[in-house]
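The residues making up each chain are set out below.
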Amino acid sequence: MKNSTLIKGTAAIAVGAALLLGGGGSLANWNAAASATPGNIVAGDLNVATAAGVWTDRTGATIDIATYRVVPGDMLTYTQALTVTLVGDKMAASVVLANVPANTFTADNLVISPMKLTNTAGDVTANTVLKPVSGSATQTVTASTVFEFKSTTTGRSDVAKNYDLGNVGYTLTQLTQTGLS
Amino acid sequence: MRIKRSLQAAALVAAAVLLGLLTVQGSYALWNATVVATPGTVSSASFDMAMTAVNSGQTTNMTLANGTAATLTLSPAGTLGPGTPVYGGVQVTNNTNAGGQFNTVITAGQPSITNVSGGTLASYISVTAKRATSTTECSNSVGYLAIGAGGLESPTVAKNGSTIFCFQASLSSAAPSSVKGQAVNITLPLTARQCGVSGGC
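Residues numbered from 1 in each chain as written. Chains lettered and ligands numbered in written order. Predicted model: local features only at pLDDT ≥ 70, side-chain atom pairs only at ≥ 80, totals over all residues.

Visitor: Summarise the overall build of chain B; cite the residues concerned and give the values.
Guide: In terms of helices and strands, chain B carries one helix and 13 strands. The helix and strand sequence of chain B, counted from the amino end, reads α-β-β-β-β-β-β-β-β-β-β-β-β-β. For chain B, with 201 residues in total, the buried portion stands at 25%. In chain B, the share of contacts with a sequence separation of at least 24, taken over all contacts with a separation of at least 6, comes to 70%. (Helix = DSSP H or I, 4+ residues; strand = E, 2+ residues; numbered from the N terminus. Buried ≥ 20, exposed ≤ 12 C-beta atoms within 10 Å, placed from the backbone. Contact = placed C-beta atoms within 7 Å.)

Visitor: Break down the overall build of chain A for me, with residues and values.
Guide: A tally of regular secondary structure across chain A gives one helix and eleven strands. If you list the helices and strands of chain A from N to C, you get α-β-β-β-β-β-β-β-β-β-β-β. Expressed as a percentage of the 181 residues in chain A, the buried residues total 19%. Across chain A, contacts joining residues at least 24 apart in sequence account for 83% of those joining residues at least 6 apart.

Visitor: I'd like a description of the pairing of strand β5 (residues 86-94) of chain B, backed by residues and values.
Guide: Residues and elements named next belong to chain B. Here β5 lies mainly inside the structure; eight of its nine residues are buried. In this structure, strand β3 (residues 49-53) lies alongside β5, joined through five bridges in antiparallel fashion. Bridged to Met49 within β5 is Asn94. Pairing geometry for β5 and strand β11 (residues 162-171), over eight bridges, is antiparallel. Bridge assignment links Gln91 to a residue of β11, and that residue is Ile164. (Pairing = 2+ DSSP bridges.)

Visitor: Give me the nonpolar core: which residues, what numbers.
Guide: One finds Val84(A), Val95(A), Tyr170(A) and Leu172(A) to be the most contacted residues of the largest nonpolar core, which totals 32 residues. Only β1 (45-50), β5 (75-87), β6 (93-98), β9 (138-149) and β11 (168-174) of chain A provide two or more residues apiece to this core. In terms of residue count, β5(A) provides more of this core than any other element does, five residues in total. Within the second largest apolar cluster, 26 residues are counted, among which are Val92(B), Ala129(B), Ile164(B) and Ala169(B). (Core = buried A, V, L, I, M, F, W, Y, C linked by C-beta atoms within 7 Å.)

Visitor: Give me the sheet that holds strand β13 (residues 190-195) of chain B: which residues, what numbers.
Guide: Two modes of strand pairing occur in sheets, parallel and antiparallel, and in both the strands are linked by backbone hydrogen bonds. Residue and element names in this part refer to chain B. Overall, antiparallel pairing links the three strands, which are arranged β10-β6-β13 in an open sheet. Among the strands making up the open sheet, the edge pair consists of β10 (152-153) and β13. Relative to β10, strand β6 (residues 103-108) runs antiparallel, the two being bridged by two bridges. Bridging across to β10, Ala108 finds its partner in Leu152.

Visitor: Tell me about the environment of Thr171(A), residues and numbers included.
Guide: Following the sequence through the fold, Thr171(A) ends up in strand β11. For the pair Thr171(A) and Ser94(A), spaced 77 residues apart in sequence, the C-alpha separation works out to 8.1 Å. Residue contacts for Thr171(A): discarding those within four places in its chain leaves Val95(A), Val96(A), Ala98(A), Asn32(B) and Thr34(B).

Visitor: So, the interface of chain B and chain A: which residues are in play, and what are the values?
Guide: Taken residue by residue, the interface counts 27 residues in chain B and 42 residues in chain A. Among the elements of the structure, β1 (32-37) and β2 (41-44) of chain B are those that each provide at least two residues to the side of chain B that touches chain A. Of all the elements, β1(B) adds the most residues to the side of chain B that touches chain A, at six residues. Classifying every residue of the side of chain B that touches chain A by side-chain character gives 13 nonpolar, 14 polar and no charged. As paired elements, strand β4 (residues 69-70) of chain A and β2(B) share two bridges and run parallel to each other. When the bridges of β2(B) are listed, Val70(A) appears paired with Ser44(B). (Nonpolar A, V, L, I, M, F, W, Y, C, P; charged D, E, K, R; others polar.)

Visitor: Quick one: what's the story with the environment of Thr56(A), residue by residue and with numbers?
Guide: All names here are of chain A. As for its position among the elements, Thr56 is in strand β2 (residues 54-56). Note on Thr56: 14 C-beta atoms within 10 Å, which makes it partly exposed. For the pair Thr56 and Tyr78, spaced 22 residues apart in sequence, the C-alpha separation works out to 6.6 Å. With sequence-adjacent residues up to four places away left out, Thr56 is seen in contact with Ala61, Thr62, Ile63 and Thr77.

Visitor: An account of unusual backbone geometry is needed here, citing residue identities and associated values.
Guide: If a residue is not glycine, its phi is most likely negative; likewise, a peptide bond is most likely trans. Here Ala160(A), not a glycine, exhibits a phi torsion of approximately 55°, which is positive. The exposure class assigned to Ala160(A) is partly exposed, which follows from the 13 C-beta atoms found within 10 Å. Phi at Ser117(B) is positive, roughly 60°, even though this residue is not glycine. By the secondary structure assignment, Ser117(B) is in the loop between β7 (112-115) and β8 (125-132). Judged by local crowding, Ser117(B) falls into the exposed class, with 6 C-beta atoms found within 10 Å.

Visitor: I'd like a description of the sheet that holds β1(B), backed by residues and values.
Guide: Across the sheet, three strands lie side by side as β6(A)-β11(A)-β1(B); this open sheet has antiparallel pairing. Where the open sheet ends on each side, the last strands, each with one partner, are β6 of chain A together with β1 of chain B. Strand-to-strand twist across the sheet, computed as the mean angle between neighbouring axes with direction ignored, equals 15°. Looking at chain direction, β11(A) and β1(B) are connected through six bridges and run antiparallel. (Axes fitted to C-alpha atoms, helices over the stretch in contact; angles between N-to-C directions.)

Visitor: Can you break down the pairing of β11(A) residue by residue, with the values?
Guide: Residues and elements named next belong to chain A. Residue alternation in β11 divides its side chains into a buried set, Val168, Tyr170, Leu172 and Gln174, and an unburied set, Gly169, Thr171 and Thr173. Alignment of β6 against β11, held across six bridges, turns out to be antiparallel. Bridging from a neighbouring strand, Leu97 pairs with Tyr170 of β11.

Structural data, given as structure tokens:
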């Protein structure tokens, strides 16, 4: 009788254990998985590059400034296209000139317009804010200056003189915008 | 007390340095790019007018290197006598190195005749002039005229072009025999000017 009781107890324990094992799957709660693509963070761009400058005479003909010799009555115009690259949602920049040397001819004999920058909207000054344009990463800013050797020059004034325009620098600087620190 | 003040001063300096660094850092935080261009050198032309004596071939620039006016001896051909004028001439060439147009006009001014060694020959000498296209024309007495008050102007002399002035000295038929062997100096100023900058020459 004792053996029977022992057997029954053992069987009951075995059944209970089996029930517990069988219900193992039911221990998990609901769960779900999904993947996300936060995307790439892409930096913008800021750059300035120059095309070759061009000198023209009063008639608009292109001249080679290395060999051309001016005389009273000449008027030369220098133009140089700057390719300004501006990319970025909060990108803004200004471009300025640097290192424009002083004239070395007799001042009374010349009319020299200070080198200036322009774009399709007009003059570009240090206070002009350039922003990316729609549909293109680049935009053009034109640098120009006019050198006029006045026809009122007398005698042999300023014969065989030189005016070296040196190394003119164009600096493009990003400007702080709302949302930038 | 002294230690406390030192600490306060050190803290103040540290704060100032930190603020300065932060400020500098901020100004360099944004992008910038620089490109350098070399527009070149604007050079003015020379104003070189070469003069060549027709008879001797002697040549000089109208303006010397030191900036003063040159003198060219024309060395008239022949011996002056009544009815036998002598002539000379000068070819003026525009030797500028101008890049563009550089037209000039040369003007021969009024002659100045002075006696040499106290003679009286000058008052019996007349000088006439003409423009020519060839130096051989100078020995032809046709076409010589007195130089007017405004001088005798050349045609337009373009870059690398030239013009010729011929001069003739004549002795008056009224000259006395006492002027034989006497000599005079004849000075003729030549002036070159640029023209055609605004309008014609």
